[in-house]
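# Architecture at a glance
Take a look at the letters that make up each chain.
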Amino acid sequence: MAAPSMKERQVCWGARDLYWRCLDDNAEDAARCRQLRSSFEASCPQQWIKYFDKRRDYLKFKEKFEAGEFQPSQSTENS
Amino acid sequence: MTHQTHAYHMVNPSPWPLTGALSALLLTSGLAMWFHYNTLTLLYLGLLTNMLTMYQWWRDIVREGTYQGHHTPIVQKGLRYGMILFIVSEVFFFAGFFWAFYHSSLVPTHDLGGCWPPTGIIPLNPLEVPLLNTSVLLASGVSITWAHHSLMEGKRNNMNQALLITIGLGVYFTALQASEYLETSFSISDGIYGSTFFMATGFHGLHVIIGSTFLMVCLLRQLKYHFTSKHHFGFEAAAWYWHF
């Protein structure tokens, strides 16, 4: 399997950006972005799709964390 | 035949291996009790019996070697092999911690943010106290070499001074490192960064303390004229350990 060429990479990143923009606009509702999801899956290597999905999960977690949504538990505070 | 016709050391029966093994049992069970039931008694007992065993066992070795003459050249060769093998085992011990660090830091996972240091970790500046600590230890390597050469050349005052400087540098390192530990914004429980940082530097610090103690014992023995310019394996073992 040859690595993706510059053109292929541009197409893949572009497809990913469109898909993520749709998710941003639709509050993570994957059902409403199904078409962009399938064009994303068609343009990118499998391993990249897995990576991008995990990366998005992390970025969403990071937003919540920086907004202070995760507080240390009272019971383990002094251990 | 009332004496041996070989140059090896047939050691007299000794209780210290048994007390050492028992202290190991008390230490391990003591740790388990401390971790799970928040009680320190067994651990303190283990530490006490361990310290007593070490003191008495090594005291007996000094008596056998320095006062009774059992450490012939062939016996000394065995002691050298022993110390070398022990130090090699310590090298492999640290290799594990280095492996863990590189495994996690060279390919940081998603939950860390795909970066190292991980998101949220504010590391210490390596070019501040850590760099000073490096130079302190390197300088102590120089001073201990000076001590060794002075010993071999029969220069007593030089040897005492150089060994004292080496010990002083070791203590200085420990004090600096302790102050750094108080400065970190992260602890051992702060993810993989905290774990690898404190495991590696913690065991290293423990080894510096052990090495400094070994050197202090050598200084006390040197002041009591135990070492000759040709025969001073205890000091050499301490120097090897210190360099490691």
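An unreviewed UniProt entry annotates chain B as Cytochrome c oxidase subunit 3 originating from Mesocricetus auratus. Per UniProt, the comment on chain B under Catalytic activity (unreviewed entry) is "4 Fe(II)-[cytochrome c] + O2 + 8 H(+)(in) = 4 Fe(III)-[cytochrome c] + 2 H2O + 4 H(+)(out)". Looking at the Sequence similarities (unreviewed entry) heading of the UniProt record, one finds this comment for chain B: "Belongs to the cytochrome c oxidase subunit 3 family."

Chain A is annotated in an unreviewed UniProt entry as Cytochrome c oxidase assembly factor 6 homolog of Mesocricetus auratus. Regarding chain A, the relevant UniProt record gives this comment under Sequence similarities (unreviewed entry): "Belongs to the cytochrome c oxidase subunit 6B family."

### Quick look at the UniProt feature "transmembrane region" (unreviewed entry) in chain B
Residue and element names in this part refer to chain B. Feature annotation in UniProt assigns "transmembrane region" (unreviewed entry) to the following positions: residues 16-35, 41-58, 79-102, 129-147, 159-177 and 197-220. Between the end C-alpha atoms of residues 129-147 there is a gap of 27 Å, over a span that is 100% helix and 0% strand. Across residues 197-220 one finds 100% helix and 0% strand; the C-alpha atoms that close the span lie 35 Å apart.

### Topic: the nonpolar core
By size, the foremost hydrophobic cluster in this structure holds 19 residues, and its most contacted members are B:Ile144, B:Leu163, B:Leu215, B:Cys218 and B:Phe235. Those elements that provide at least two residues to this core are helix H4 (129-152), helix H5 (156-183), helix H6 (191-223) and helix H7 (233-243) of chain B. Looking at which element gives the most residues to this core, the answer is H5(B), with six residues. For B:Ile144, the residues in contact, after removing those within four places along its chain, are B:Thr166, B:Leu215, B:Phe235, B:Ala239, B:Trp242 and B:His243. Residues A:Ala15, A:Cys33, A:Phe40 and A:Cys44 belong to the second largest nonpolar core, which totals 11 residues.

### Quick look at the interface of chain A and chain B
In this complex, chain A contributes five residues to the contact, which on the side of chain B involves six residues. For the pairing of chain A and chain B, the buried interface totals around 440 Å² over both sides, and the portion due to carbon and sulfur atoms is 61%. Among the residues of chain A in contact with chain B, A:Lys54, A:Arg55 and A:Tyr58 are the three that bury the most area, contributing 76% of the side total. Linking chain A with chain B are zero salt bridges, by the criterion used here. Per-class residue counts for the side of chain A that touches chain B are two nonpolar, no polar and three charged.

### Some remarks on the state of the cysteines
All names here are of chain A. Enumeration over the complete set of coordinates arrives at two disulfides over all chains. The disulfide bridge from Cys12 ends at Cys44, spanning 2.1 Å between sulfur atoms. Because the torsion about its S-S bond is 105°, the bridge between Cys12 and Cys44 counts as right-handed. Separated by 32 residues along the polypeptide, Cys12 in helix H1 (residues 6-25) and Cys44 in the loop between helix H2 (34-43) and helix H3 (46-66) bring together distant segments of the chain. The burial state of Cys12 is the same as that of Cys44; both residues are buried. With a sulfur-sulfur separation of 2.0 Å, Cys22 is cross-linked through a disulfide to Cys33. Across the disulfide from Cys22 to Cys33, rotation about the S-S bond amounts to roughly -85°, and the bridge is consequently left-handed.

### As for the UniProt feature "domain: Heme-copper oxidase subunit III family profile" (unreviewed entry) in chain B
Within the UniProt annotation, "domain: Heme-copper oxidase subunit III family profile" (unreviewed entry) is assigned to residues 4-244 of chain B. Secondary structure within residues 4-244 of chain B divides into 74% helix and 0% strand; the distance between the first and last C-alpha atoms comes to 37 Å.

### Description of a nonpolar patch on the surface
Residue and element names in this part refer to chain B. On the surface, a nonpolar cluster with roughly 700 Å² of combined accessible area is contributed by Leu31, Trp34, Phe35, Leu40, Tyr44, Leu47 and Met51. Elements with a contribution of two residues or more to the nonpolar patch: helix H1 (16-37) and helix H2 (41-67). Note on placement: Leu47 falls in helix H2. On the accessibility criterion, Leu47 (38% relative accessible area) is partly exposed.

How each quantity is defined
- Residues numbered from 1 in each chain as written.
- Chains lettered and ligands numbered in written order.
- Predicted model: local features only at pLDDT ≥ 70, side-chain atom pairs only at ≥ 80, totals over all residues.
- Heavy atoms only, no water.
- UniProt positions renumbered as here; feature names shortened; annotations may be inferred.
- Helix = DSSP H or I, 4+ residues; strand = E, 2+ residues; numbered from the N terminus.
- Core = buried A, V, L, I, M, F, W, Y, C linked by side-chain atoms within 4.5 Å.
- Buried < 20%, exposed > 50% of the residue type's maximum accessible area, 1.4 Å probe, protein only.
- Contact = heavy atoms within 4.5 Å.
- Buried area = accessible area lost by both parts, 1.4 Å probe.
- Salt bridge = Lys/Arg side-chain N within 4 Å of Asp/Glu carboxyl O.
- Nonpolar A, V, L, I, M, F, W, Y, C, P; charged D, E, K, R; others polar.
- Disulfide = S-S within 2.5 Å.
- Patch = residues over 30% accessible without salt bridge, like charges linked within 9 Å, V, L, I, M, F, W, Y side chains within 5 Å.
- Areas by Shrake-Rupley, 256 points an atom, 1.4 Å probe, with all protein chains shown as cover.

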